[in-house]
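# Understanding the architecture of this molecule
These are the residues of each chain, in order.
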Amino acid sequence: MKKFVNDPKNYVPEMLRGIALANPDTLKYVPEYNLIMRTDAPRDDKVSIVQGSGSGHEPAHVMTVGKGMLDAACPGDVFAAPPMDYVYETTKLLASEKGVLLLVNNYTGDRMAFDMSQEMSQADGLTVRTLIIDDDVAVKDSTYTVGRRGVAGNFFVMKAVGAASEQGADLDELVRIGEKVNSVTRTMGMALTACTPPAKGSPLFELGADEMEMGVGIHGEPGRSREKLASADEIIDQMLEAVRSDLPYESGDNVALMINGLGGTPISELYLLYGRAHQVLTDQGINVRRNYVGEYCTSLDMAGASVTLVKLDDEIDGLLSAPAEIAVRVF
């Protein structure tokens, strides 16, 4: 597999340096902790929002640092939780008078790093809370998690609490909002190919030319089943039903619909999937009020996609519509 790589050990630091150099007015890079933070953070008029997780899921999370989203992100190596001291030092650097909210995708390593960092920060007298994100319906447990995994639905939690923080909400209110959004968000993913981590240099798993992995995790974890390749409509119907039936989402609901690419799927194919998903939901009486198509939480170069639904009310819809300014720019 050909990749743009120098020393694989420097893959993440070189990426982070590039992000900071491309956004010198808004982002600051602290190499000691793999930290990307807003240049205006911390601000004592708002709670600081921090997320870590492993690298390899970009634009999550280091490219979603900016006004109305994250105040900082401190990732680990590719598909590896950040070291506890990275999170701890980041929390101290981002501490504001209104506190720090740590967003954690539900994986064992991430939870350990963030829980320990919260305890140490609180012992230092800082005001810190942790919010767990677990939107994946594919499996209840895996070797990577303690319960359902946190995947592309993390975007909606980041967006909602980021907007509320900009509006001056306190820490308790942000936890309430984040838990509310997480509770009405569900995701299902699938893979057409495996991804290739830079340090490994070969695919994480093998799929036959006529196979697909339904319910795959964003680190390449096994999903619900390995199946014969099907048509695009059949694939989206299966994923959408797994998501729709889980909450469940019902006729009359207003929803946000996300079709997320996992890193190696053309945008044209994502819109093809979106068109089918939108039509199926419409036929079921479910109203698509907000739409998101593109790459929000990837798995390096994996060909595949995930479907996310969020049940909307006036509060969540208002927060999702609030302005945001992040590093990823189309034009």
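Here's a quick rundown of the structure.

## Let's talk about the environment of Asp 246
Here Asp 246 is to be found in the loop between helix 6 (232-244) and strand 11 (254-261). Spatially, the C-alpha atom of Asp 246 lies 9.9 Å from that of Thr 185, the residues being 61 residues apart in sequence.

## A short note on the sheet that holds strand 1 (residues 27-30)
Taken in spatial order, the six strands line up as 1-2-5-3-6-7 in an open sheet, and their pairing is mixed. Two strands close off the open sheet at either side, each with one partner strand: strand 1 and strand 7 (128-133). Relative to strand 7, strand 6 (residues 100-105) runs parallel, the two sharing six bridges. If you follow Leu 103 over to strand 7, its bridge partner there is Leu 131. Each of strand 3 (48-51), strand 6 and strand 7 touches helix 5 (residues 171-183); the most contacted strand, strand 7, lies at about 5 degrees to it.

## Describing helix 6
Taking 1.5 Å as the rise per residue, helix 6 with 13 residues should run 18 Å; its terminal C-alpha atoms sit 18 Å apart, in good agreement. Within helix 6 the residues assigned to the buried category are Ile 235, Ile 236, Met 239, Leu 240, Ala 242, Val 243 and Arg 244.

## Section: the sheet that holds strand 13 (residues 304-311)
Reading across from one edge, 10-9-8-13-11-12 is the order of the six strands in this open sheet, with mixed pairing throughout. Every other strand in the sheet has two partners, leaving strand 10 (225-228) and strand 12 (287-294) as the edge strands with one partner each. The sheet shows a mean angle of 20 degrees between the axes of neighbouring strands, direction not considered. Inspection of the sheet shows strand 9 (residues 211-214) paired to strand 10 by four bridges, in the antiparallel sense. The partner of Met 214 across the bridge, within strand 10, is Ser 225.

About the thresholds
Residues numbered from 1 in each chain as written. Predicted model: local features only at pLDDT ≥ 70, side-chain atom pairs only at ≥ 80, totals over all residues. Heavy atoms only, no water. Helix = DSSP H or I, 4+ residues; strand = E, 2+ residues; numbered from the N terminus. Pairing = 2+ DSSP bridges. Contact = heavy atoms within 4.5 Å. Axes fitted to C-alpha atoms, helices over the stretch in contact; angles between N-to-C directions. Expected span 1.5 Å × (residues − 1). Buried < 20%, exposed > 50% of the residue type's maximum accessible area, 1.4 Å probe, protein only.

Function-wise, these values are silent; they only describe arrangement.
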